Amino acid sequence: MIAIDNLQFGYGRHLLYDGFAARVEQPGIYGLFGRNGSGKSTLLKLICGLLTPWAGQLLVLGRNPRARAADLLASIYIVPEEFHLPNLTCAQLAATQGVFYPRFSNALLNEYLAELEVPATARFESMSLGQKKKAAIAFALATCTPLLLMDEPTNGLDIVGRTQFRKLLQRPEHAHRAVLISTHQAHDLESILSHIWFIDQGRLALSARMDDLARLLQMGVAPDDDAARVQAGGALLYQERIGQQLAYVALRAHEQPEAEAAVPTGSSVQLELLYKALSLNRDQVLQALAPLREAPAAGETA
């Protein structure tokens, strides 16, 4: 679905990406992480053809997105972090822009608006920032494009809105899509992500399935260093004080094959803690995760 090889791009004389490579070969929800200025938003714009790579190859659904072919653009939708909506109702937006997306569903749009509690007859000018964001999300989901790009979609949403957003992404009609979400709100999405990408120093430093991370890493809370080492069993990779306790990331101790099946997956990965570990102790964490980098999970490579 996405093939990026030896990508180079920057702004002015500043080289942002140098030799960036990545693959998305199967549907799923991909979380895109990296420190401020690492180029997450830029990568989404490159993928949908809003920016031109300096060098390298970037293909989406086998095509060059920068060529702006109408049929390819009808298969991609992006929700930027900052956007402007014309002063229309959601129904008017669907009538004027939904026609550009052959899989667009008015029925689904109305369901999503109802779930997100957005008034379908209200004009965008009268909506709050959170309601506008919800309306944009509802429209994006209703396009049913094979590829959906979202930049900080939970910014501006309250706690209930974030829960509603997660619920909508997990609906069965989105199972065929590849959804790339750039976010700093790791906790908002860790329960629904299937893959994570971590961008660092112009490259994709880590590309992994959440299930594989859960099998390789252990995360928890202990009263002190000694207790953390005993609980972890494997090498400690990162630790930080939280009040009177110590949160840690450790390499999971070797287990028998029959025990590995019992290792919790997906939700056992605390992404905020892993994000800090990758940002503040990058080399040691990436070395521990080398098996995932050397033998990428099906559906992606780094």
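Up top you'll find the structure we're talking about.
The structure presented is a predicted model; accordingly, all values stated were derived computationally and were not measured.

Conventions we followed
- Residues numbered from 1 in each chain as written.
- Predicted model: local features only at pLDDT ≥ 70, side-chain atom pairs only at ≥ 80, totals over all residues.
- Heavy atoms only, no water.
- Pairing = 2+ DSSP bridges.
- Helix = DSSP H or I, 4+ residues; strand = E, 2+ residues; numbered from the N terminus.
- Axes fitted to C-alpha atoms, helices over the stretch in contact; angles between N-to-C directions.
- Salt bridge = Lys/Arg side-chain N within 4 Å of Asp/Glu carboxyl O.
- Buried < 20%, exposed > 50% of the residue type's maximum accessible area, 1.4 Å probe, protein only.
- Contact = heavy atoms within 4.5 Å.

Undergrad: Could you clarify how one ought to interpret the sheet that holds strand S11 (residues 236-242) in this entry?
TA: Each strand in a sheet pairs with another by means of backbone hydrogen bonds, the pair being arranged parallel or else antiparallel. One open sheet accounts for 3 strands, arranged S10-S12-S11; its pairing is antiparallel. Only two strands of the sheet have a single partner each, and these edge strands are strand S10 (217-222) and S11. For this sheet, the mean inter-axis angle between neighbouring strands, taken without regard to orientation, is 15 degrees. As paired strands, S11 and strand S12 (residues 245-251) are joined by 6 bridges and run antiparallel to one another.

Undergrad: Is there a simple way to explain the pattern of salt bridges in this structure?
TA: For side chains bearing opposite charge, pairing can occur when the charged atoms are close. Following the criterion strictly, the structure yields 11 salt bridges and no others. Note that Asp-71 is salt-bridged to Arg-63, the shortest N-O span being 3.1 Å. Where Arg-282 meets Asp-283, a salt bridge forms, and the shortest distance between an N and an O atom there is 2.9 Å. Overall, Asp-283 belongs to the exposed group, its relative accessible area being 56%.

Undergrad: How should the sheet that holds strand S9 (residues 203-209) be read in this particular structure?
TA: Strand order in the open sheet formed by 6 strands is S5-S6-S7-S3-S8-S9, with mixed pairing between adjacent strands. If you trace the sheet from one side to the other, it starts and ends with strand S5 (76-79) and S9, each paired once. The sheet shows a mean angle of 15 degrees between the axes of neighbouring strands, direction not considered. Running over the sheet, helix H11 (residues 271-280) touches strand S3 (28-33), strand S8 (195-200) and S9 and is turned about 30 degrees from S8.

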